[in-house]
Amino acid sequence: MTTPLKNFVLAIIALIASTTPCLAQNMSLKYMSDKMNVKCPVEITDRSKLLSTECTDNEIVFNIELKEPDFNMDQLIDNNEYWKTLLRDEYIKSGEGTRQMLSLISNSGATFKMVCVGSQTGKKASCAFTPEETRSILSANGAAPQEFFTLENLIVIINSAAPFPLLDGIFITSASKSDDNIIIENSLDDAIIDIDDLIRNANQLKNNILINIPYNEGVRFLANLCVKKEANLILRFSGTQSEKVFYTVLTSKDMEKALKRERK
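What counts as what
Residues numbered from 1 in each chain as written. Predicted model: local features only at pLDDT ≥ 70, side-chain atom pairs only at ≥ 80, totals over all residues. Heavy atoms only, no water. Helix = DSSP H or I, 4+ residues; strand = E, 2+ residues; numbered from the N terminus. Buried < 20%, exposed > 50% of the residue type's maximum accessible area, 1.4 Å probe, protein only. Pairing = 2+ DSSP bridges. Axes fitted to C-alpha atoms, helices over the stretch in contact; angles between N-to-C directions. Contact = heavy atoms within 4.5 Å. Salt bridge = Lys/Arg side-chain N within 4 Å of Asp/Glu carboxyl O. Phe/Tyr/Trp six-rings, centres within 6.5 Å; stacked < 30°, edge-to-face > 60°.

S.K.: Can you tell me about unusual backbone geometry, naming the residues and giving the values?
M.R.: Following E68, the chain continues to P69 via a peptide bond in cis, the omega torsion being 10°. Relative to the helices and strands, P69 is located in the loop between strand 3 (59–66) and helix 4 (73–78). Phi at D179 is positive, roughly 55°, even though this residue is not glycine. Tracing the backbone shows D179 in the loop between strand 7 (170–178) and strand 8 (181–188). Judged by its relative accessible area of 65%, D179 is exposed.

As structure tokens, this is what we get:
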């Protein structure tokens with residue numbers, strides 16, 4: 001029993017790590033869940049398969065089928081804490097992808113849950129990590145939980161996923177950091193948007209972006225992280241045809257106010 005469960009937990013760790021590039025496109029647990037469901041069922045080991053994932057505001061669930069009698073479901077049901085110990089132990093040996101994925105789950109305030117069903121009996125066993133327990137896992141190597149998902153990590157993810165849309169006709173193409181500023185490069189389609197009109201109405205564009213922060217998961221995640229780190233967001237726009245360039249700046253205070261409006 002110990003060996004199959006340990007191998008299963010190791011495979012789950014690898015699966016979690018492999019999902020990190022998927023969520024890079026918009027830093028969304030829902031996006032990652034949807035992408036994984038397209039590929040399901042996924043063989044985790046020769047004795048287990050991922051049937052589906054479910055994602056809500058408060059929880060992300062991995063629904064998994066375990067091969068019986070290789071797995072004794074009664075033992076799994078009775079040893080919930082052993083699962084947790086294994087995951088903590090194996091996390092310490094895992095790589096950056098696992099760390100980023102677990103820190104994203106933790107930062108989103110979601111519970112991470114595995115629900116396993118026996119292939120023959122249909123019995124279910126589950127193991128759930130609250131956000132606090134996930135943060136405890138992330139602290140296993142002595143670092144503070146908030147250090148795990150940094151602006152530098154987010155910049156790497158943005159650059160690996162770009163280009164992706166900010167607003168209609170505007171695509172984020174790259175990101176960089178300078179002092180306390182995050183610089184986002186944007187490509188603007190002149191055939192859709194009059195760049196001269198945007199330059200004349202720069203404040204309106206800034207207001208539109210701030211208003212839309214609550215409705216764009218990727219931008220919201222970036223804004224939350226900027227607020228936590230007290231970093232300003234500099235948006236640089238360049239026309240694809242005109243090659244005209246202009247900037248707008250969202251201060252951490254601007255973004256904090258926009259995020260507070262979201263909670264009302």
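S.K.: Quick rundown of the sheet that holds strand 3? Include the residues and the values.
M.R.: Spatial strand order, 1-2-3-4-5: five strands in an open sheet with mixed pairing. Since the sheet does not close on itself, it has two edges, and those belong to strand 1 (42–45) and strand 5 (124–129), each with one partner. If you compare each strand with its neighbour and ignore which way they point, the axes differ by 30° on average. In this sheet, strand 5 lies alongside strand 4 (residues 111–118) in antiparallel orientation, the contact comprising six bridges. Looking across to strand 5, one finds that F112 is bridged to F129. Docked against the sheet, helix 7 (residues 131–138) engages strand 4 and strand 5, running at close to 70° with respect to strand 5.

S.K.: Which residues make up the pattern of salt bridges, and what values go with them?
M.R.: Enumeration over the complete set of coordinates arrives at seven salt bridges. When the shortest N-O distance is used, the salt bridge between D196 and K244 registers 2.6 Å. Of the two residues, D196 is situated in helix 9 (residues 195–200) and K244 in the loop between strand 9 (232–239) and strand 10 (245–250); the sequence distance between them amounts to 48 residues. For K244, a relative accessible area of 36% corresponds to the partly exposed category. The salt bridge involving R200 is made with D197; its shortest N-O contact spans 3.6 Å. One end of the pair, R200, and the other, D197, are both in helix 9, three residues apart, so they sit about a helical turn from each other. Accessibility expressed as a relative area gives 35% for D197, which makes it partly exposed.

S.K.: Go over the packing of aromatic side chains with me, naming the residues and quoting the values.
M.R.: Across all of its chains, the model carries three aromatic pairs by this definition. Measuring from centroid to centroid gives 5.5 Å for F62 and F112, while their planes differ by 85°, and the two rings are edge-to-face. One end of the pair, F62, is in strand 3; the other, F112, is in strand 4, and 50 residues separate them in sequence. With centroids separated by 5.0 Å and ring planes inclined at 15°, the aromatic side chains of F237 and F246 adopt a geometry described as stacked. Considered together, F237 and F246 belong to a single accessibility category, that of buried residues. Ring pairing ties together the aromatic residues F62, F112 and F129, which thus form one cluster.

Scope: geometric values only; no functional claims are made or implied.
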